[in-house]
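Each chain, letter by letter, is given below.
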Amino acid sequence: MKIKKLIVLLLSAVMVFAFTACGGSGSDEEAASEDGGVLMMATTTSTEDTGLLDYLQPIFKEDTGIDLQWTAVGTGEALKMGEDGQVDIVLVHAKASEEEFVANGWGVERFPVMYNDFVIVGPDGKLVDTADVAAVFGAINDQQLPFVSRGDDSGTDKKEKKIWESLGIDPSSNPNYIESGQGMGATLTMANEMGAFCLTDRGTWLKQSKDSETEYVIDIVCEGDPQLLNQYGVIAVNPEKYPEVNNEAANIFIEWITSEEIQSLIGEYGVEEYGQALFTPNAGTDN
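Let me sum up the structure you'll find in this document.

Criteria and cut-off values
Residues numbered from 1 in each chain as written. Predicted model: local features only at pLDDT ≥ 70, side-chain atom pairs only at ≥ 80, totals over all residues. Heavy atoms only, no water. Salt bridge = Lys/Arg side-chain N within 4 Å of Asp/Glu carboxyl O. Helix = DSSP H or I, 4+ residues; strand = E, 2+ residues; numbered from the N terminus. Buried < 20%, exposed > 50% of the residue type's maximum accessible area, 1.4 Å probe, protein only. Axes fitted to C-alpha atoms, helices over the stretch in contact; angles between N-to-C directions. Parallel < 35°, antiparallel > 145°, perpendicular 65-115°, else oblique. Left-handed = near helix turned anticlockwise from the far one by under 90°. Contact = heavy atoms within 4.5 Å. Nonpolar A, V, L, I, M, F, W, Y, C, P; charged D, E, K, R; others polar. Core = buried A, V, L, I, M, F, W, Y, C linked by side-chain atoms within 4.5 Å.

What the rule picks out here adds up to nine salt bridges. Note that Arg110 is salt-bridged to Glu98, the shortest N-O span being 2.6 Å. A residue pair is termed long-range when its members are at least 10 positions apart, and Arg110 in strand 4 (residues 107-123) and Glu98 in helix 6 (residues 95-103) qualify at twelve residues. A single burial state applies to Arg110 and to Glu98, both of which are buried. One salt bridge connects Lys158 with Asp153, and the closest N-O pair in it is separated by 3.0 Å. On the accessibility criterion, Asp153 (38% relative accessible area) is partly exposed. Salt bridges sharing common partners tie together Asp117, Arg202 and Glu223.

Taken N-terminus to C-terminus, the directions of helix 4 (residues 52-64) and helix 12 (residues 260-268) make an angle of 160°; their axes are 11 Å apart at the nearest point. With respect to helix 12, the axis of helix 4 lies roughly antiparallel. The handedness of the crossing between helix 4 and helix 12 is right-handed. Mapping the contact onto sequence places Tyr55, Leu56, Ile59 and Asp63 in helix 4 and Ile262, Leu265 and Ile266 in helix 12. In terms of residue class, the contact of helix 4 with helix 12 is built from six nonpolar, no polar and one charged.

As a further point, take the nonpolar core. Within the largest apolar cluster, 43 residues are counted, with the highest numbers of intra-cluster contacts made by Leu39 and Phe253. Among the elements that line this core, the one with the most residues is helix 11 (residues 247-257), at seven residues. Apart from the residues within four sequence positions on either side, Leu39 is in contact with Phe60, Ile66, Asp67, Leu68, Gln69, Asp88, Ile89, Asn246, Ala249, Ala250 and Phe253. Counting 19 residues, the second-largest nonpolar core is a separate cluster that includes Val136, Phe137, Ile140 and Leu145.

What follows is the structure, given as structure tokens:
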């Protein structure tokens, strides 16, 4: 019986090898073996600081056999890594820059994945809580209140600079305006230590303020303004520009992360720990 079982196993292995060698049909996911290679991603710090990618990575590995690895930087730098062919895919949050990335031929197609929102945090009692971001930024400038900016060309930094510009304000005219040049988590830590205001994505704020061993003296002072919507998109780097990129794995990831099952997991992430989801899935729609 043991010999018969061994023969069956060997024949099965030969059939699988023959089918593969002949280029058997099937989905990209079926083509991915238990060792499906590596997918290199450039992404924004918020997807790392919130723990979302650490949560999704092992699920993606189990589902596809592909090892997702990433570099978390500001959106501007992440897109530059895509332009330079250093990664296979980008997951970022600055729609205008993403569309430009595709229009210039660096990316194949942009797919919306999820969104959350930006909030302004700062010390209690300095300003009245409001949903009017223009009022808060105006008051910070008028009163020359301390403000810590990321200053790193990230999606958050782009959003902040766009708000200042829409108000006709040069934030550098405020002597208490500081650029950290760091990621969202480090910038929040600096703002908290200084008792300063800061623009942050809600997901990073929720995780950082709850999980940090340091007591937070700043809190949300502005939320709910339509300008503060924070949409994330995923784009495969164009293989016509860089034939060496792992375009097959990139396409598998895009199909995977926009699938109903994974979108549902994204919508559940953070609810148990923080009382609300850190991201709202919206594949197939856009903001």
